[in-house]
Amino acid sequence: MRSFLPAVAEQLFRDIQRAYQESTQIPDDLLIALKFVFGSCALQALDLVDQRSVTCLSSPSGRQAFQVIGGSGRLYTCFLSCHYCPCPAFAYTVLRRNQGLLCKHILAVYLCQAMAVTQQESIPDQQMSAVLSGTGAP
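An unreviewed UniProt entry annotates the chain as Zinc finger, SWIM-type containing 7 of Fundulus heteroclitus.

Spelled out as structure tokens, the structure:
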């Protein structure tokens, strides 16, 4: 699922997963590596993780989307399968200027997945269709 990320990022998420499973903390060396690889959005993403701002929506048909409550309180629906977030930072920094791998919302999703702290919510297929089309929220 993360095949579009550089190998160093893939390995970093695996290392975070392993460390967090062992001690429920991310060691300083991995936090430094996170900041080095992802830049300024790393700290903001960790803040979103601490606030439990990431929810994985899943439907009976197997569709999955992630909703992240941003720092301003706005809800962003992110898709890891196509590496997309509708936030302005993703559009500008990642897509337009090509200056970052991810926005803080997608990074928070990856971190929550690695740490197994993602909130889970099952929704009906009809509601998932509304979320995916941008016409509804859970």
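And the narrative resumes.
Q: So what's going on with the nonpolar core? Residues and values would help.
A: Grouped together as the largest cluster of nonpolar side chains are 40 residues, with contacts concentrated most on Ile16, Leu34, Phe38, Ile106, Leu107 and Leu111. Of all the secondary structure elements, the ones that give two or more residues to this core are α1 (7–23), α2 (28–38), α3 (41–50), β1 (54–58), β2 (64–69), β3 (75–78), α4 (88–96) and α5 (104–115). Take this core: its biggest share by element is nine residues, from α5. Setting aside chain neighbours within four positions, we find Leu34 in contact with Leu12, Ile16, Gly39, Ala42, Leu46, Leu107 and Leu111. Listed in part, the six residues of the second largest apolar core include Phe79, Ile123, Met128 and Val131.

Q: Help me get a handle on the packing of aromatic side chains, residues and values and all.
A: In the structure shown here, the tally under the stated rule is three aromatic pairs. Where Tyr84 meets Phe90, the ring centres are 5.9 Å apart and the plane angle is 85°; that geometry is what we call edge-to-face. Judged by its relative accessible area of 34%, Tyr84 is partly exposed. Put simply, the rings of Phe13, Phe38 and Tyr110 touch in pairs and so form one group of aromatic residues.

Q: Got a sec to walk through the pairing of β2? Specific residues and values, please.
A: Pairing of β1 with β2 involves five bridges; the strand directions are antiparallel. Directly across from Leu57, in β2, lies its bridge partner Ala65. Between β1 and β2, which follow one another and run antiparallel, lie five residues, and Gly62 among them has a positive phi close to 95°. Looking at chain direction, β2 and β3 are connected through four bridges and run antiparallel. Bridge pairing links Phe66 to Cys78 in β3. Where β2 folds back onto β3 in an antiparallel hairpin, the turn is made up of five residues, including Gly73, whose phi is positive at roughly 95°.

Reading the values: the criteria
- Residues numbered from 1 in each chain as written.
- Predicted model: local features only at pLDDT ≥ 70, side-chain atom pairs only at ≥ 80, totals over all residues.
- Heavy atoms only, no water.
- Core = buried A, V, L, I, M, F, W, Y, C linked by side-chain atoms within 4.5 Å.
- Buried < 20%, exposed > 50% of the residue type's maximum accessible area, 1.4 Å probe, protein only.
- Helix = DSSP H or I, 4+ residues; strand = E, 2+ residues; numbered from the N terminus.
- Contact = heavy atoms within 4.5 Å.
- Phe/Tyr/Trp six-rings, centres within 6.5 Å; stacked < 30°, edge-to-face > 60°.
- Pairing = 2+ DSSP bridges.

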